[in-house]
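# Reading the structure
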Amino acid sequence: MAAPTMDGELESVSLVDLAVSRLTRDILSGKSDPGERLVEEQLTRRLGISRAPLREALRLLAQQGLVEHVPRRGVRVATLSDRDVRELYELRDVLERFAVRAGIPVARESDLAGLRATLQAMREATRAGDRMAVAESHRAFHVALVALAGNRQLSAVYGSILVKLQLYMAINLRREAEAAQPSDGVHRHERLFEAVAGGDPEEVLAVLSGHGARSYLD
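Quick notes on the rules
Residues numbered from 1 in each chain as written. Predicted model: local features only at pLDDT ≥ 70, side-chain atom pairs only at ≥ 80, totals over all residues. Heavy atoms only, no water. Buried < 20%, exposed > 50% of the residue type's maximum accessible area, 1.4 Å probe, protein only. Helix = DSSP H or I, 4+ residues; strand = E, 2+ residues; numbered from the N terminus. Arc of directions from axis to C-beta. Polar contact = N/O pair within 3.5 Å; in protein donor to acceptor, adjacent residues only side chain to side chain. Pairing = 2+ DSSP bridges. Salt bridge = Lys/Arg side-chain N within 4 Å of Asp/Glu carboxyl O. Contact = heavy atoms within 4.5 Å. Axes fitted to C-alpha atoms, helices over the stretch in contact; angles between N-to-C directions.

Taken together, the buried positions of helix H9 (residues 201–209) are Val204, Leu205, Val207 and Leu208. Down the axis, H9 shows its buried residues gathered within 160° of arc, on one side only. A side-chain oxygen of the first residue of H9 lies 3.0 Å from the backbone nitrogen of Glu202; this N-cap is Asp200.

In structure tokens, the structure reads:
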């Protein structure tokens, strides 16, 4: 009797993963806007799943900061006020500047491996026109930058801020794609990498100050 239960559990988990993946792509690609209501009946039909895995998927997405449960109104794509977004970006900037001063110059050349890998992933995603992968590589680059400080608590706090901002970072990247060349984002991060590799924290901070993380949010 145990095997059918295990198969059912695995099937349920795979459906949850599928729903999380599909809904994440819809939200971060712009198919669903901040504040848009997510109707269970419509989602179960579109995804071809029952309510149980859908609700678990929505719970996981809420933990990631992509959706929010509104009392008596159901679930909607997460929203932040203009002030919330501004304050989160300001806090992100403070943590990045602290990490730069604490982690640069790096002790070993091999410490730059994480930045190199995310930069290469960014190039490949840009060539492929995969906006989701581009957004993820941008996020991963800055996570690797902060990790140079070698402070696990700093990285954890920084990661929690990026979770809250990921929807708005994706919006920013979409607007950038409409107003600039696809390679512009790669070039910005290449300049930042070169500054990090150069080992001068003040130069890195100067490049960061002109990085344009919020250029298209206004």
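From this point on, the discussion continues.
Bridge count between strand S2 (residues 67–70) and strand S3 (residues 74–77): four bridges; the pairing is antiparallel. Looking at S3, one finds that Val70 is bridged to Gly74. In textbook terms, the turn of a hairpin is the stretch between consecutive antiparallel strands, and for S2 and S3 this stretch comprises three residues, one of which, Arg72, has a positive phi near 65°.

Moving on: the pattern of salt bridges. For side chains bearing opposite charge, pairing can occur when the charged atoms are close. Considering all chains together, one arrives at 13 salt bridges under this definition. Here Glu109 makes a salt bridge to Arg116, at a shortest N to O gap of 2.4 Å. Note on Arg116: relative accessible area 38%, which makes it partly exposed. Through salt bridges that share partners, Glu40, Glu41, Arg51 and Arg55 make up one connected network.

Turning our eyes to something else, we now look at the sheet that holds strand S1 (residues 37–38). Taken in spatial order, the three strands of this open sheet run S1-S3-S2, and their pairing is antiparallel. Looking at the sheet topology across the chains shown, the edges are occupied by S1 and S2. When S1 meets S3, the two strands line up antiparallel, connected through two bridges. Each residue of the ladder has a partner; that of Arg37, found in S3, is Arg76. Across the sheet, helix H3 (residues 51–63) is in contact with S1, S2 and S3; its angle to S2 comes to roughly 110°.

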